[in-house]
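# Structural overview for review
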Amino acid sequence: MYNFRKIENKWQKIWQQKKSFETGKSSKKKFYMLEMFPYPSAYGLHMGHARNYTIGDVLARYKRMTGLNVLYSMGYDSFGLPAENAAIREGVHPLDYTKKAIKNYINQQRSLGLSYDWSRMVCTHKPDYYKWDQWIFLQFLKKDLAYRKKALVNFCPRCNTVLANEQVENGKCWRHHDTEVEIKDLEQWFLKITEYADKLYDSLDKLKWPETIKEMQRNWINPSEGTLIKFKVDDECIEVFTTRPDTLYGVTFITFAPEHPKVLELVKGTKYETDVKKFINKILLEDKSERTEKEKEGMFIGKYAIHPLTKEKIPIFIANFVLLEYGTGVVMGVPAHDKRDYEFAKKYDLKMITVIAQNKPTRSYLVGASAITNEDLEKIGIKIVRRKDDGDREIEIPKQSVKKYEKMITDKLTPNFWNEYIGEEIVFIFKHKDGKIERLVLNKDTEERIDKLAADFIGENWNKKCVWKWLSENKFYSDLVTHEEEGILVNSEDFNGLTNKKAIIEITSRLNSYNLGNKTIQYHLRDWLISRQRYWGCPIPIIYCDKCGIVPVPEKDLPVKLPKKVDFKSGGNPLATNKEFTNVKCPKCRGNARRETDTMDTFVDSSWYFLRYTDNKNTKEIFSPEKANYWLPIDQYIGGREHATGHLIYFRFFTKFFKDIKLINFDEPALRLFTQGDVNKNGVRMSKSKGNVVDPMDMINEHGSDSLRFYLMFVSSPDSVFEWDDGGIISVSNFLNKLYDLSKAKCGGREKDGIVLSKINSLIGSVTENIENFKYNRALIGIMEFTNYLHKNKDYVSQKVFNESYKALLTLSHPFVPHLTSELNCDSKWPSPNRKLINNEIEFEEEFLSSTMNDIHKIIKLIKKKPNRIKLSVSELWKYDFYKRLKSEASKEFKVLIEKLMTKEHGKEIPRIVQNYIKNPGKVPLVILSQMKELEILNSNKKMLEKEFGCEIEMGKNDSKANPGKVSILIE
RNA sequence: GCGGGGGUGCCGGAGUGGUCAAACGGGCUAGCUUCAGGGGUUAGUAGCUUAGUGCUUACGCAGGUUCGAACCCUGUCCUCCGCACCA
């Protein structure tokens, strides 16, 4: 066992002393390699980190070897809650906690052999870093992209602070999945990320990121085009957002989100007030994630809105299915054309108005109309879709037949029966007892009449129903009534006859002309709430003055330093307990004023750290634009999927903003992103709570960091889940030992020189390709195979070839196992394959010979046992009738048949060869070959084979491609 | 419901039209090795059966295209992940 401890320590020390990985501007082409920097927790690195960083380190080392100027640095996202909670719990100051944790991280990362340029390190908790957070905030403020607003915000009672939308997962806090987020109405700071929503959305297309991540961002931003429509309530206007203004004439109710602040105003002093309050409380108490699965529920609040076009009175409801977070928190209910509205209307017996007729064929349902025969129907072109057992028929009526159909049923309908059909409108035809026909098109005016007639005609059964209910309950009709498809407008006054697509535009512009609505784009993305009521974060540089209001701290006064002395046990924001900090003079009027005590969301810190790496010691500017423009954008970013809708949106937002304020000349931070898979053990993600954590440091101590690195990269491809198995790392360490031992190999012979050279050169090509494509596991498989080959064949290689290829092997392995390979003197330059030396033929030859010999050996073994019973030994590669027949026909002979190398070109020749063989069977065991090439191989190795088998070998002549000849092996 | 990824041996995982019972690794079984405490090496590891040849079956399930499919097409089931009563 080689002494990995000694070697690894030695090289880590050398790298550190020589500052091997420090980098600066140069004439070489740059490559910016970046991993998401970690939050330094007291627990140190976990296996996921180790995997993430190794993936990055391999690439960084590889790129360096190919001659690029690689920027690869590390830093710490060192503000954040755990440090503060530790302070509250254990009385350690967050600063001390953090310093200790960072030190530990650096040590661990060093011992993992990561090739960072440590001189560029940034720590977000240091004033020289967060000064620029504050500076950025002021820039946002200048551009009106930072604002303070009272708003309903998410509040986590356990973190004791508000949360951004992105930090709420299923109604729970992202840190505490068991803690329900509360809604509070607080005044907070926001960054106007929505201003960039379009840009963030559109430029996703040009990013070479995993599709899933891009799709998640699209979903998160989720722009939807629609119209804001004003409905008058009392003397005010309420705005409703809809993507379907074409259904405006179908609105039969308006629904508020229960927690909408307007609701209480509206019911104030009315008899509905108590009930509404009760209802709201009930809804708010419900688990938010479950609320979405509940049945629709709501109540009328006693008010009416005025329809902007028809001026009709529309009842206002509150309902659980309307959310405050989306749109305006108020929806217009169109039960005929929206599934949710339909369900709601059905439950509360609300009116439905069909305003869009489908392009579907007109349909009807013939009940008891025995006077109408199928032939009658067919005659006028009507199709019977379905015939039920009781004889009722569902029929489809083409447009041109509708009139004929109506005439036919009015003629043939027996008195006191009715029939209806649904096409572009819903038509009821009643035939009274006196033979009088009444034709009614269903709409809000005729509804009552139809109801009455239906009740008269049917009697009891109809009593509790209304025609809409009946239609919606009848499966056949309900499919037609409730739909969201395209069609032609009906019941919509001036707009009747328009396609609904056109109607969207027309109705919107009509509303616009009355000043009652306008087109907008609604985003799912909300403005970014950055205030946090916590201590261990970057102070927001704002001062509140009674006279001057909100006053930003002047840039020259930055940084607003976080005071060390605060009381962590106060229960509230510790920062507020330091009076020296909070009491301040107003920069404008010099009067007494208060400092903002909220700090920034730590995602602000991590939104631009990658820029600071390029110029981390700059005290005059946030960074030098020149340096940033040289290094950026990031050529390869690596990190976890969990940041898809958080950090990975924020850092794009910041980059775009920096471009707009002319700090940088690019608008996307990272062109390529790679997201590594989780590390699992026993099928579940490694985590403390699952108790299945393997500490990477333990593995490094036991097996060395090279072993750990190799193992992490070897088992599965970097983007898929890694299933940790304790046995695996042991075998890897055995393998590395073998690789090490090879350095001492003494070689003799030269038979395999050509093959070895061929193999190593192919390997160079494939490893290069596999690294570029993040298929590290396959690169390592190749390395292992070659190593094993070299090991087995070292006696047949010349020392020169051995040394050469061994060195290349080490060089290829270097990105993965840098310590060992450095010790064994690998090259510092990445090799390129010498294509001339790659010879597939001799590689094939060797494979072929060895498998042939194997076969022959087997056969000889058999022959020696019971020769008479040997019929055939076939490596069955080709399933063909012929082949099967051959086997039975040849069964009495003493024959050996070996076929190898089925290729597309030769595959079809085989039956012929076989046929020939049957006609002229050889006298002795035969080797029949499908290709001349193989015959040649055997021919050229005749002596070797004869020696091997101790017999004479008779070679056939290979006169043609189709008839390659035979090889007879004469065995005593 | 919408969107995305997957279903291959005891396990992790290769393989995307024919050299394939399935690379590489783990595990397990057995032999060898002056090997003693995660070492090296050889063989085996779908099922049935044989002294041995052999036969059958196989890449979630069911069809299809093809001389030929794990791989292409259609349907279906399952699973993982993201978003979601999005107005």
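Moving on to the nonpolar core. If you look at the biggest cluster of nonpolar residues, it comprises 175 residues, and the most contacted ones within it are Trp-528, Phe-658 and Trp-724. The residues contacting Trp-528, other than those within four sequence positions of it, are Ala-164, Trp-189, Phe-190, Leu-191, Ile-193, Asp-601, Phe-603, Val-604, Ser-607, Tyr-650, Phe-653 and Phe-654.

One can find Thr-602 in helix H19 (residues 602–605). Look past the residues within four positions of Thr-602 in its chain and what remains in contact with it is Asp-77, Phe-79 and Gly-80.

Below, the discussion takes up the confidence of the model for chain A. Chain-level statistics for chain A give a pLDDT mean of 81 and a share of 83% at 70 or above. The model gives residues 858–932 a pLDDT under 50, and that stretch makes 126 contacts with residues more than four places away or in other chains. Low confidence marks residues 958–972, where pLDDT is under 50. Its contacts with residues over four positions away, or in another chain, come to 59 contacts.

For the rest of this paragraph, the subject is the pattern of salt bridges. Following the criterion strictly, the structure yields 42 salt bridges and no others. Residue Asp-667 is joined to Lys-206 by a salt bridge in which the shortest nitrogen-to-oxygen separation is 3.0 Å. Here Asp-667, found in the loop between helix H22 (647–660) and strand S33 (673–675), pairs with Lys-206, found in the loop between helix H6 (197–202) and helix H7 (211–221); they are 461 residues apart in sequence, far enough to count as distant. Residues joined in a network through salt bridges with shared partners are Asp-205, Glu-211, Lys-214, Glu-215 and Arg-218.

Okay, the environment of Phe-657 next. On the secondary structure map, Phe-657 appears in helix H22. When the C-alpha atoms of Phe-657 and Lys-143 are compared, they prove to be 9.9 Å apart, with 514 residues separating the residues in sequence. Once you skip the residues sitting within four places of it in the chain, Phe-657 turns out to touch Gln-139, Phe-140, Lys-143, Leu-145 and Tyr-196.

A negative phi holds for most residues other than glycine; trans holds for most peptide bonds. Omega for the peptide link from Leu-558 to Pro-559 comes to 0°, which places this bond in the cis form. Locating Pro-559 in the fold gives a position in the loop between strand S28 (549–552) and helix H18 (579–582). Of note, the bond from Leu-632 into Pro-633 is cis; its omega dihedral lies within 30 degrees of zero at -5°. The residue Pro-633 is located in the loop between helix H21 (625–631) and strand S32 (636–639) in this model. For Asn-515, which is not a glycine, the phi torsion comes out positive at approximately 65°. Structurally, Asn-515 is set in the loop between helix H17 (500–513) and strand S24 (517–523). The class for Asn-515 is exposed, based on a relative accessible area of 56%.

To continue, consider the pairing of strand S30 (residues 592–595). Two elements, strand S27 (residues 542–545) and S30, share three bridges in a ladder whose sense is antiparallel. Note that in S30 the partner of Cys-545 across the bridge is Ala-593. Taken together, the three bridges between strand S29 (residues 583–585) and S30 define a ladder with antiparallel strand orientation. If you follow Lys-585 over to S30, its bridge partner there is Asn-592. Between S29 and S30, which follow one another and run antiparallel, lie six residues, and Arg-590 among them has a positive phi close to 65°.

As a further point, take the environment of Ala-808. Topologically, Ala-808 is positioned in helix H28 (residues 799–813). For the pair Ala-808 and Ile-764, spaced 44 residues apart in sequence, the C-alpha separation works out to 7.9 Å.

This next bit is on empty space enclosed by the protein. According to the stated counting rule, one finds five cavities of 30 Å³ or more in the structure shown. Estimates place the volume of the largest cavity at around 180 Å³. Taken together, 17 residues line the largest cavity, and the ones lying closest to its centre are Gly-80, Leu-81, Arg-532, Asp-601 and Thr-602. Elements that contribute at least two residues to the lining of the largest cavity include exactly helix H3 (81–90), strand S6 (161–163) and strand S31 (599–600).

As a further point, take the sheet that holds S6. Read from one edge to the other, the open sheet built from four strands follows the order S6-S5-S9-S25, with strand pairing classed as antiparallel. At either end of the open sheet lies a strand with only one pairing partner, and these are S6 and strand S25 (528–529). Across two bridges, strand S9 (residues 182–191) lies against S25 in antiparallel orientation. Looking across to S25, one finds that Leu-191 is bridged to Trp-528.

Here we take up the environment of Asn-3. If you trace the backbone, Asn-3 turns up in the segment before helix H1 (4–18). Within the structure, Asn-3 has its side chain in polar contact with the backbone nitrogen of Lys-6 (distance 3.1 Å).

What counts and what doesn't
- Residues numbered from 1 in each chain as written.
- Chains lettered and ligands numbered in written order.
- Predicted model: local features only at pLDDT ≥ 70, side-chain atom pairs only at ≥ 80, totals over all residues.
- Heavy atoms only, no water.
- Core = buried A, V, L, I, M, F, W, Y, C linked by side-chain atoms within 4.5 Å.
- Buried < 20%, exposed > 50% of the residue type's maximum accessible area, 1.4 Å probe, protein only.
- Contact = heavy atoms within 4.5 Å.
- Helix = DSSP H or I, 4+ residues; strand = E, 2+ residues; numbered from the N terminus.
- pLDDT = per-residue confidence, 0-100.
- Salt bridge = Lys/Arg side-chain N within 4 Å of Asp/Glu carboxyl O.
- Pairing = 2+ DSSP bridges.
- 1 Å grid on protein atoms, 1.4 Å probe; cavity = no way out; pocket = protein on both sides within 12 Å on 5 of 7 lines; lining within 4 Å.
- Points joined across faces, edges and corners; volume = space filled by probe spheres on them.
- Polar contact = N/O pair within 3.5 Å; in protein donor to acceptor, adjacent residues only side chain to side chain.

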